[in-house]
Protein chains: 2
Amino acid sequence: MTSLGDLAARGDLRGVRERLDELDVTEIVEIVAAELGRRGGGAAASLFRSLPKDLAIAVFEALEPPLQGDLVGRLRDETEIKVLLEGLDPDDRAELLEELPAKVTKRLLSGLSPGERSMTAALLGFPAGSVGRRMSPEVATVPETVTVGEALERVRREGDRAETIYLVPVVGEGRRLVGVVSLRRLLVTGRDVPVRDVCAEPVSVLPEDGEETAARTVRENGLIALPVVDHERRLLGVFTVDDAMRALERAESEDSARGGGTEPLRRPYLSAGVLRVVRSRIGWLLGLVVGATLTVTVLDSFEDALEQVVALALFVPLLIGTAGNAGAQAATTVVRAITTDDLRLRDLGRVVGRELATGFLLGAGLAVVGFGPAWWFVGLDIAVVLALTVVAICMLATGTGAAVPLVARAAGVDPAVVSAPFITTFVDATGLIIYFTTATLLLGL
Amino acid sequence: MTSLGDLAARGDLRGVRERLDELDVTEIVEIVAAELGRRGGGAAASLFRSLPKDLAIAVFEALEPPLQGDLVGRLRDETEIKVLLEGLDPDDRAELLEELPAKVTKRLLSGLSPGERSMTAALLGFPAGSVGRRMSPEVATVPETVTVGEALERVRREGDRAETIYLVPVVGEGRRLVGVVSLRRLLVTGRDVPVRDVCAEPVSVLPEDGEETAARTVRENGLIALPVVDHERRLLGVFTVDDAMRALERAESEDSARGGGTEPLRRPYLSAGVLRVVRSRIGWLLGLVVGATLTVTVLDSFEDALEQVVALALFVPLLIGTAGNAGAQAATTVVRAITTDDLRLRDLGRVVGRELATGFLLGAGLAVVGFGPAWWFVGLDIAVVLALTVVAICMLATGTGAAVPLVARAAGVDPAVVSAPFITTFVDATGLIIYFTTATLLLGL
């Protein structure tokens, strides 16, 4: 980065402001985002106010909605806020308004033009995370009765207002979706051909469908936009490829966070206060600690065995660490396959069978490699106990890691929630039972 | 799913074939993919051969490249293979050819038309994972000297061959990229306006740039396509939004796998043999086990303390499990921030400072909640040891979880590789040292 980044990092906003023309929008966005993360964040607002109006709108558009929310909260002048709001597309505006307290939302919505307000309000009527929230109602449609030439003429006229014109929905009576035609197809076809002859069977979604599912449909079919229709197939809007990319990024951030045992931050890391970071993690950590107290109970009930052979304690972290890792591997793979390959409960038998075989091979591999060193280090008996235990707990871990996410999905729980950390904690306790039972039996304790 | 899915799951391909017309392409793709995963996989080839030619091409296109590779390996008839290959876009073909053994690749390339072969070969000349491998050289360009009307005419003529016509690169002498103009802009502008007046400053990438970086550029700027230019700014091709979505999916699959301590499978889970699954995990697991033997050494050196107070052993899994979870949380958050917010080594101090504060608050929270129960269960002395230890190891875990990925990135190692499982194993051993040192000092062992 240039020394301007350093100026900003040092909080020298005057220095930054003097050299604003050296920066492009992305750089200004980064600086504003970083400033919003600092205590107070008032400097962000004052820097932002000093931008020329067009630049301010561009920067505002490029900020992530939670940061837009922060910034709006810090701007005092209502007219200024409304200029920013009106510059946003209805779907982006809906996203921002979700971030604001209800009171502020109401005040701001009341300042929009009636048409704009009703569009935004309509978008806000659908459940959180649904396509309805993200779609754009501004679509260039053509009636099924026109020719390609007439269709092109309509698209050209609406070209400035519509969210996209590259996918053109073809509608029948009552705005019912009868097909779609790409702008490319319209351009390469003779002008006198009826649109009906070149339009294709549409892939579409309902507004209450999840944005992630819709986004996957866009990706898998290589679409530019996906029409959103109601139950009577009336066209409500389109969900465009850039909405899809953002939806997938949100979903991915969420899965990645949950996979690591935290709630997503929903904003850039350095812009989130420490308390917000703590809040995103403490619930998970407490829950996992409560689960982990099981291991205390298990060890307590084997205290006799432990007292007789203290050497058994030496391998507890190694064994449960390995079980945890094997379980995390299986859970990560299966959670990913649930999302991308659509694994379901009916695949449970096949998946668990594969994972048990995998766990057996992994455990056997570790046992073969570790047997010699263990024999040398603690003697033959304990080495045998360790070898048998490692095979058993690897199978336990991979089997559990595979089964739990599939069962969770069937029960309507996000599989990512029950992934690695949850599995690790569960196999810690069960793995200890296997270890000490094997030891008690083989060593005659 | 319908009973057809069950027929396929039972391997009753004859039953499936009789009812092929009930299936759409996606369903046939799923069945072929599942069959390829079964031992032998010969049934997939025979089912595939029985498809009508157009359907076969559509199914082939929709398969993921590793599965295309498997299928090609099982088709004996070379003409048949070449028909499939020629049906693919050059960038998809390059992706498939990467999956095949070099000998097969050479034989197949030799059967393409000279123009097609040189395009594919050119794409294959760039490093793996680069934009050069994924871009499409088939672009509709316009010279900077034409009018909007002439530009539209050119785009219309090339509309069938080009990968996309929605973003039109404007080129000067020697195919140098001077700007870009969207098809939408061309359509809504008067036909006599010079293209030069409506074209915008292009965002572009070099062919050796990583596909993931390019894909993020596409997403962040909401682009339909990104021009790829050489060092003299000569246009080589375009990287389209659907290539970008696929690149991001690949990158995310990889990060998610590494975050769980496995190598990515690079194919649908049920289509990967058990041995392939084992191979994707065994290296990681072995490495982590070797790291975890440190815990044996640490415990061994504290064997005296353990023998004196066996109760200390009871809390080992709980403490290191908690440290592991706190470390995984920090690592997951920071790895994600490295990818999405572009955190760098220069942010190290700020990031580690924040994480130490977070670790302190998390540890203190757990200590407050757990102190009472621990006192009741094992007495005041050990409860104090546990409380102090939990604060210290949470800070150790979050600090390490934050620092290691940043340092790894600066050293050119994929941060995802050193995430959760690596951190967990590291803090297991160090956490034990903290625990037993605190205990030895406070309990006077």
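As annotated in an unreviewed UniProt entry, chain A carries the name Magnesium transporter MgtE and comes from Actinomycetospora cinnamomea. According to UniProt, the comment filed for chain A under the heading Subunit (unreviewed entry) is "Homodimer." Of the comments in the UniProt record for chain A, the one headed Function (unreviewed entry) reads "Acts as a magnesium transporter."

Undergrad: It is not clear to me how the overall build of chain A should be interpreted in this structure. Could you clarify?
TA: What chain A contains, in helices and strands, is 23 helices and five strands. Here chain A has a C-alpha radius of gyration of 29 Å; the compact-globule value for 445 residues is 22 Å, and the former is much larger. Structurally, chain A occupies a C-alpha span of about 90 × 60 × 40 Å along its principal axes. Relative to its full complement of 445 residues, chain A shows a buried share of 53%. Within chain A, contacts between residues at least 6 apart in sequence are counted, and of these 67% link residues at least 24 apart. When the accessible surface of chain A is summed, it comes to about 18300 Å², and 56% of that surface belongs to carbon and sulfur atoms. Both charge centroids of chain A, one from 46 positive and one from 60 negative side chains, sit 5 Å from each other.

Undergrad: Would you explain the relation of the copies chain B and chain A in this entry?
TA: Here two copies of a chain appear, and what relates them is a rotation about an axis with a shift along it. In the superposition of chain B on chain A (RMSD 0.1 Å, axial shift 0.0 Å), the rotation amounts to 180°. Taken together, the turn and the small shift mark the pair as related by a two-fold rotation axis. A share of 100% of the interface residues of chain B reappears at the interface of chain A, consistent with the copies meeting face to face through the same patch.

Undergrad: I'm lost on the pattern of salt bridges in this one. Help?
TA: Pairing of side chains with opposite charge becomes possible as their charged atoms draw close. Residue and element names in this part refer to chain B. In this structure the tally under the stated criterion is 32 salt bridges over all chains. In this structure, E254 and R266 form a salt bridge, with 3.4 Å as the shortest nitrogen-oxygen distance. Here the residue E254 occupies a position in helix α16 (residues 241-259), and R266 occupies one in the loop between α16 and α17 (274-301), the gap between them amounting to 12 residues. Taking relative accessible area as the criterion, R266 reaches 52% and is therefore assigned exposed.

Undergrad: Just checking my understanding: could you explain the packing of helix α22 (residues 380-410) of chain B against helix α23 (residues 420-443) of chain B for this structure?
TA: Packed helix pairs are characterised by how far apart their axes lie and by the angle those axes make with each other. Residue and element names in this part refer to chain B. The N-to-C vectors of α22 and α23 enclose an angle of 150°; their axes lie 9 Å apart at closest approach. By the criterion of interaxial angle, the relationship of α22 to α23 is roughly antiparallel. Once α22 is placed against α23, the crossing between them reads as right-handed.

Undergrad: Which parts of the structure should I look at to understand the UniProt feature "transmembrane region" (unreviewed entry) in chain A?
TA: All names here are of chain A. The UniProt record marks residues 282-299, 311-335, 356-376, 382-408 and 420-443 with the feature "transmembrane region" (unreviewed entry), using the residue numbering of this structure. Structurally, residues 282-299 is divided into 100% helix and 0% strand, and its ends, taken at the C-alpha atoms, are 26 Å apart. Taken as a whole, residues 420-443 contains 100% helix and 0% strand, while its terminal C-alpha atoms sit 33 Å from one another.

Undergrad: Where do I start with a nonpolar patch on the surface in this structure?
TA: A surface patch of nonpolar side chains, amounting to about 290 Å² of accessible area, comprises L275 of chain A together with F360 and L361 of chain B. Mapping L361 of chain B onto the fold places it in helix α21 (residues 348-378). The exposure class of L361 of chain B is partly exposed, given its relative accessible area of 35%.

Undergrad: Explanation requested: the sheet that holds strand β2 (residues 167-171) of chain A in the structure shown.
TA: Residues and elements named next belong to chain A. Strand order in the open sheet formed by three strands is β1-β2-β3, with mixed pairing between adjacent strands. Each edge of the sheet is formed by a strand with only one pairing partner; in this case those strands are β1 (142-143) and β3 (177-182). The pairing of β2 with β3 spans five bridges and is antiparallel. Counterpart to V171 in the pairing with β3 is L177.

Undergrad: Sorry, what's going on with the environment of S253 of chain B here?
TA: Among the structural elements, S253 of chain B can be located in helix α16. Setting aside its immediate chain neighbours within four residues, S253 of chain B contacts R336 of chain A together with P264 of chain B.

Undergrad: When you look at helix α12 (residues 148-158) of chain A in this model, what are you seeing that I'm missing?
TA: One turn of the α-helix equals 3.6 residues, which is why residues spaced by three or four share an orientation. Inspection of α12 of chain A places V148, G149, A151, L152, V155 and E158 of chain A among the buried residues, and these make up the whole buried set. Residues of α12 of chain A that are buried in the fold lie against β1, β2, α13 (183-188) and α14 (195-198) of chain A.

Undergrad: I would appreciate a short explanation of unusual backbone geometry in the present structure.
TA: Across residues other than glycine, the phi torsion is negative in most instances, and most of the peptide bonds are trans. In the Ramachandran plot, R233 of chain A falls in the positive-phi region, its phi being about 65° despite a non-glycine side chain. Locating R233 of chain A in the fold gives a position in the loop between β4 (225-229) and β5 (235-240). Even without being glycine, R175 of chain B reaches a positive phi, approximately 60°. By secondary structure assignment, the location of R175 of chain B is in the loop between β2 (167-171) and β3 (177-182).

Undergrad: Sorry, what's going on with the interface of chain B and chain A here?
TA: One widely used convention gives an interface's size as the accessible area the parts lose upon coming together. On the chain A side, the residues contacting the 99 residues of chain B number 100 residues. Summed over the shared surface of chain B and chain A, the result is four salt bridges. A salt bridge links R281 of chain B to E355 of chain A, with the nearest nitrogen and oxygen atoms 2.8 Å apart. In terms of residues, the side of chain B that touches chain A owes the most to one element, α17 of chain B, which gives 17 residues. Grouping the amino acids of the side of chain B that touches chain A by side-chain chemistry returns 59 nonpolar, 21 polar and 19 charged.

Conventions we followed
Residues numbered from 1 in each chain as written. Chains lettered and ligands numbered in written order. Predicted model: local features only at pLDDT ≥ 70, side-chain atom pairs only at ≥ 80, totals over all residues. Heavy atoms only, no water. UniProt positions renumbered as here; feature names shortened; annotations may be inferred. Helix = DSSP H or I, 4+ residues; strand = E, 2+ residues; numbered from the N terminus. Rg over C-alpha atoms; globule rule 2.2 N^0.38 Å. Buried < 20%, exposed > 50% of the residue type's maximum accessible area, 1.4 Å probe, protein only. Contact = heavy atoms within 4.5 Å. Areas by Shrake-Rupley, 256 points an atom, 1.4 Å probe, with all protein chains shown as cover. Lys, Arg positive; Asp, Glu negative; His and termini not counted. Charge placed at Lys NZ, Arg CZ, Asp CG, Glu CD. Least-squares fit on C-alpha atoms with pLDDT ≥ 70 in both. Salt bridge = Lys/Arg side-chain N within 4 Å of Asp/Glu carboxyl O. Axes fitted to C-alpha atoms, helices over the stretch in contact; angles between N-to-C directions. Parallel < 35°, antiparallel > 145°, perpendicular 65-115°, else oblique. Left-handed = near helix turned anticlockwise from the far one by under 90°. Patch = residues over 30% accessible without salt bridge, like charges linked within 9 Å, V, L, I, M, F, W, Y side chains within 5 Å. Pairing = 2+ DSSP bridges. Nonpolar A, V, L, I, M, F, W, Y, C, P; charged D, E, K, R; others polar.

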